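Chain by chain, the residues:
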Amino acid sequence: MNTVKTVLELRAAVARARGEGKRIGFVPTMGNLHSGHAALVAKAAQRVDFVVASIFVNPLQFGAGEDLDKYPRTLAADQEKLLEAGCHLLFAPTVEEMYPDGMAGQTRVSVPQLSEGLCGASRPGHFEGVATVVSKLFNMVQPDLAVFGQKDYQQLAVIRALVHDLNMPIQIIGEPTVRAADGLALSSRNGYLNEEQRAIAPALYRSLSQIAAAIRDGERDYPKLLAEHQLQLEAVGLRHDYLEIRNARNLRPATADDRDLVILVAAFLGATRLIDNLHLNLDTPA
Ligand code: PAF
């Protein structure tokens, strides 16, 4: 696996692969990779002949006071994991390479409606930063397909929308969330948790699963159901950001008639913000 740092080198390597008739898959990341990322790369490797991954901690998607500076940079370990998972080329640019003219005047891509509410409410500008960097990376790599984790459900919806709305000929694949044995969704941010917090964190997925089970059993009073679980989460020390039941397709607040649902949660443990979600289609068996 080659690692390149400039757009010029990236384009040359991708052009060589294309010249050999290969289909290109792409997995954008911010590094500090875990088995969830490896699953994205492995999925791409199953589907195409040449897998490109990127590692770039994108300042444009971090708000003031977020963890941009302390976000772990672990390039050597990440390279090993990528190689093992079947990656052929790593693009690891600097901030200057991605934003040579600075960020203030950078053209932005914004996806209204889907970016509003949920994580968009507590992280203003976040999805514009994600949509902008993903659009840039897509234009640099020009992949046939790209793989993203379903753990960032709203992000995946935003990316599907931008690819559709901007007519990009890229297939977007959502990969199921990889979980620890106790249900906690794998995330680079789990590394910020101390032992006590790590023991509390699986309560998020427990709540999501219990809410899903209650809905399957016929509960349709969503405000009451959510309020009960919000109290439970707060009781174990998970500070509330949001807990919501939404329409899985358009992310609008779910009505009692909606059949395709997603339950989404974000909560703080100390300074660490964790998110998770559970997709629930009432027309398919559990
Ligand atoms: O999900 C992430 O790691 C990031 O938001 C992404 C998609 C790589 C864009 O910076």
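Data block above holds the structure.
Values in this document were obtained by computation on a predicted structure and should not be read as measured data.

Taking burial as the measure, the 5 residues of strand E6 (residues 171-175) include 4 buried ones, the bulk of the element. Inspection of the sheet shows strand E5 (residues 145-149) paired to E6 by 5 bridges, in the parallel sense. Bridging from a neighbouring strand, Ala-146 pairs with Ile-172 of E6. Handedness of the crossover joining E5 and E6 through helix H7 (residues 153-165) is recorded here as right-handed.

Near the ligand the following residues occur: Pro-28, Thr-29, Met-30, Gln-61, Val-130, Val-133, Phe-148 and Gln-155. In the environment of the ligand, an oxygen atom lies 2.6 Å from a nitrogen or oxygen atom belonging to the side chain of Gln-61. Gln-155 has a polar side-chain atom sitting 2.7 Å from an oxygen atom of the ligand. For the ligand, the accessible surface in isolation is 290 Å², of which the surrounding protein chains cover 88%.

Backbone geometry at Asn-167 places phi at a positive 55 degrees, although glycine is not the residue there. Within the fold, Asn-167 resides in the loop between H7 and E6. In this structure, Leu-251 is a non-glycine residue whose phi angle is positive, near 60 degrees. Among the structural elements, Leu-251 can be located in the loop between strand E7 (239-247) and strand E8 (260-269).

Attention shifts here to empty space enclosed by the protein. Throughout the structure, instances matching the rule amount to 2 cavities of 30 Å³ or more. Roughly 50 Å³ of volume is contained in the largest cavity. Ranked by residue count, the leading element in the lining of the largest cavity is strand E9 (residues 272-281), at 3 residues. Of the residues assigned to the lining of the largest cavity, the class counts are 5 nonpolar, 2 polar and 2 charged. Listing elements by their share of the lining of the second largest cavity, those giving two or more residues are helix H10 (222-235), E7 and E8. A per-element tally of the lining of the second largest cavity places E7 first, with 4 residues.

Between helix H9 (residues 203-216) and H10, the least distance of the axes is 11 Å, while the angle of their chain directions is 155 degrees. Of the possible angle classes, the one that applies to H9 and H10 is roughly antiparallel. As H9 runs across H10, the sense of the crossing is right-handed. Residues Ala-203, Leu-204, Ser-207, Gln-210, Ile-211, Ala-214 and Ile-215 of H9 form the contact with H10, whose participating residues are Tyr-222, Leu-225, Leu-226, His-229, Gln-232 and Leu-233. Residues that form the contact of H9 with H10 fall into these classes: 9 nonpolar, 4 polar and no charged.

Quick notes on the rules
Residues numbered from 1 in each chain as written. Predicted model: local features only at pLDDT ≥ 70, side-chain atom pairs only at ≥ 80, totals over all residues. Heavy atoms only, no water. Buried < 20%, exposed > 50% of the residue type's maximum accessible area, 1.4 Å probe, protein only. Helix = DSSP H or I, 4+ residues; strand = E, 2+ residues; numbered from the N terminus. Pairing = 2+ DSSP bridges. Right-handed = clockwise from strand over helix to strand, strands pointing away. Near = heavy atom within 4 Å. Polar contact = N/O pair within 3.5 Å; in protein donor to acceptor, adjacent residues only side chain to side chain. Areas by Shrake-Rupley, 256 points an atom, 1.4 Å probe, with all protein chains shown as cover. 1 Å grid on protein atoms, 1.4 Å probe; cavity = no way out; pocket = protein on both sides within 12 Å on 5 of 7 lines; lining within 4 Å. Points joined across faces, edges and corners; volume = space filled by probe spheres on them. Nonpolar A, V, L, I, M, F, W, Y, C, P; charged D, E, K, R; others polar. Axes fitted to C-alpha atoms, helices over the stretch in contact; angles between N-to-C directions. Parallel < 35°, antiparallel > 145°, perpendicular 65-115°, else oblique. Left-handed = near helix turned anticlockwise from the far one by under 90°. Contact = heavy atoms within 4.5 Å.

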